[in-house]
Amino acid sequence: MAQTPSWICPSCGFRESVFEKYYWRCPRCGSPLSIEYEVVGDITSSNNMWLRYYGFMPFTPEKTRGEGLTPLVEEKLSSHRLLFKLEYLNPSGSFKDRGTALAVYYGYKMGYKKAVVDTSGNTGISVALYSRLYGLEPTIVMPKQAPEGKKRAVLKLGGKLVEAEGRTGASKVVEEYIRSEDVYYVAHLWNPLYIVGHATIAYEVFEEYGVPDYVIAPIGSGGLILSLMYGFEKLREVGLAKKAPIVIGVQGYSCQPIYEAMYGTRSEGEESTLADGIMVANPPRTSEIVNSLRKYHGKVVLVGNTDVLNAMKELWNWGFLVEPTSATVYAAYEKLKREIPSSSSVLLVLTGSGLKTL
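All values reported here derive from a predicted model rather than from experimental measurement.

Once that is clear, we can look at the overall build of the chain. When helices and strands are tallied, the chain shows twelve helices and 13 strands. Here the chain has a C-alpha radius of gyration of 19 Å; the compact-globule value for 358 residues is 21 Å, and the two agree. Dimensions of the chain along its principal axes, counting C-alpha atoms only, are 55 × 45 × 40 Å. Looking at the chain residue by residue over its 358 residues, the buried ones come to 59%. Counting every atom, the chain has about 14400 Å² of accessible surface; 47% of that belongs to carbon and sulfur. Charged side chains in the chain number 39 positive and 37 negative. The centres of these two groups are separated by 1 Å.

Let us now look at the packing of helix α11 (residues 305-317) against helix α12 (residues 324-336). Closest axis-to-axis distance for the α11/α12 pair is 7 Å, and the angle between their directions is 100 degrees. Here α11 is positioned roughly perpendicular relative to α12, judged by the angle of their axes. Across the interface between the two elements, D307, V308, A311, M312, E314 and L315 from α11 touch P324, A327, T328, Y330, A331 and K335 from α12.

Between its first and last C-alpha atoms α11 spans 18 Å; for 13 residues at 1.5 Å apiece the expected length is 18 Å, and the two agree. Taken together, the buried positions of α11 are N305, V308, A311, M312 and L315. Along the axis of α11, the buried positions cluster into a sector of 130 degrees, meaning they face one direction only. When the buried face of α11 is taken as reference, the exposed residues oriented beyond 90 degrees from it are N310, K313 and N317.

The next thing to look at is the packing of helix α8 (residues 223-237) against helix α10 (residues 286-295). Relative to each other, α8 and α10 sit at 45 degrees, their axes nearing to 10 Å. As the angle between them shows, α8 and α10 are arranged oblique. Handedness of the α8/α10 crossing: left-handed. Across the interface between the two elements, I225, L226, M229 and E233 of α8 pack against E288, I289, S292, L293 and K295 of α10. Classifying every residue of the contact of α8 with α10 gives five nonpolar, one polar and three charged.

With that out of the way, let us pick up the sheet that holds strand β9 (residues 183-185). Spatially, the four strands line up as an open sheet ordered β8-β7-β6-β9, and their pairing is parallel. The outermost strands of the open sheet, each flanked by one partner alone, are β8 (160-164) and β9. This sheet shows a mean twist of 20 degrees between the axes of neighbouring strands, independent of strand direction. The pairing of strand β7 (residues 137-143) with β8 spans five bridges and is classified as parallel. In the strand pairing of β8, P143 is matched with A164. Seen against the sheet, helix α4 (residues 148-156) touches β7 and β8 and runs at an angle of roughly 170 degrees to β7.

Before going further, it helps to examine the state of the cysteines. With the rule as written, the count across this model stands at zero disulfides. The thiol of C12 is not disulfide-bonded; the next cysteine sulfur, from C26, is found 3.5 Å away. Residue classification places C12 among the partly exposed positions, given a relative accessible area of 33%. A relative accessible area of 3% places C26 in the buried class.

Now for the sheet that holds strand β11 (residues 246-252). Spatial ordering of the open sheet is given by β4-β5-β13-β10-β11-β12, a layout of six strands whose pairing is mixed. Strand pairing shows two members of the sheet lacking a second neighbour, β4 (72-77) and β12 (299-303), which therefore form its edges. Ignoring which end each strand starts from, the neighbouring axes of this sheet average 25 degrees apart. Where β11 and β12 come together, five bridges link them in parallel fashion. Residue pairing in the sheet places Q251 in a bridge with L302 of β12. The strands touched by α12 are β4, β5 (80-86), β10 (214-218), β11, β12 and β13 (345-350); relative to β12, the strand with the most contacts, the crossing angle is about 105 degrees.

It is worth spelling out the nonpolar core at this point. With 70 residues, the main nonpolar core has W7, Y106, Y184, V186 and L193 as its most contacted residues. Looking at this core element by element, the count peaks at six residues for helix α2 (residues 96-109). Counting residues in each nonpolar core, the second largest holds 27 residues, with L86, V303, A311 and V329 among its members.

Calculation notes
Residues numbered from 1 in each chain as written. Predicted model: local features only at pLDDT ≥ 70, side-chain atom pairs only at ≥ 80, totals over all residues. Heavy atoms only, no water. Helix = DSSP H or I, 4+ residues; strand = E, 2+ residues; numbered from the N terminus. Rg over C-alpha atoms; globule rule 2.2 N^0.38 Å. Buried < 20%, exposed > 50% of the residue type's maximum accessible area, 1.4 Å probe, protein only. Areas by Shrake-Rupley, 256 points an atom, 1.4 Å probe, with all protein chains shown as cover. Lys, Arg positive; Asp, Glu negative; His and termini not counted. Charge placed at Lys NZ, Arg CZ, Asp CG, Glu CD. Axes fitted to C-alpha atoms, helices over the stretch in contact; angles between N-to-C directions. Parallel < 35°, antiparallel > 145°, perpendicular 65-115°, else oblique. Contact = heavy atoms within 4.5 Å. Expected span 1.5 Å × (residues − 1). Arc of directions from axis to C-beta. Left-handed = near helix turned anticlockwise from the far one by under 90°. Nonpolar A, V, L, I, M, F, W, Y, C, P; charged D, E, K, R; others polar. Pairing = 2+ DSSP bridges. Disulfide = S-S within 2.5 Å. Core = buried A, V, L, I, M, F, W, Y, C linked by side-chain atoms within 4.5 Å.

Okay, structure coming up:
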């Protein structure tokens, strides 16, 4: 009999079936939860991502809008093989669709009629799209400073937009909504279903290329970088992959909580406010991110607005229509390339579409 997926708390040992009740954080100690389920590692030939990787999933959504299975484009530069994963080609224009499709489907199966999320933009668009797909009423709480194009996309998708003062203000506003038991707090900063969904990036890269030597990804809440390490680790656990990549996280000088936690100091530099997706001051999984980076011999690189603008210009010249947060990975590569051995392969995850920020 297949193992029933369970919420588990690594901090206090809490455990309960995911189908018993939804918890966006541990009801005992308030820590982030993980999800435990049987991974059999089967990969099929389906062009539906969820059916293709069902052996890595706790359950699979009933509906899809074609999320996942994004192109992997190779470029050779500075004796390195750069692998660009075009996540901005997902349905709502960002990698968030992989996690949202799984998380919102779960909310629907648990009987919720309304959904709410606090976000700088991309998650809000994604939650609005998939909430409407499953008949939930979405409320998206965003900072007033969020890109206007992202706000308009939320409204076009039928979401109720609530603006707040900064990301901290958005988190406070959303507390009023989640006091109601009929509202599903998607909680993308906390929800482990996002890590499971985003891990499909690793499975796709492995199928098409293998395990790269390096992976570079932006760190906002840290869900993406955790999911990449989670995905490559699952591939090793089931015997498909023989190694794991070295993982590089990117933050900005303006907001560097993971850098500070990892190195015990703050580094001064140019502000990095253009990359709104990595302006997360208090990622709930900070210790988990730091421990995982150390396990995979990783590091954190800081970038500023000039680095981001130069990288974005270069990527657009190559035909990658990315937003500033996506460009941070190439900016980090530019800073690191002399440290990366010749002939290494480097995966750069291009997370969001620049068409939303025009």
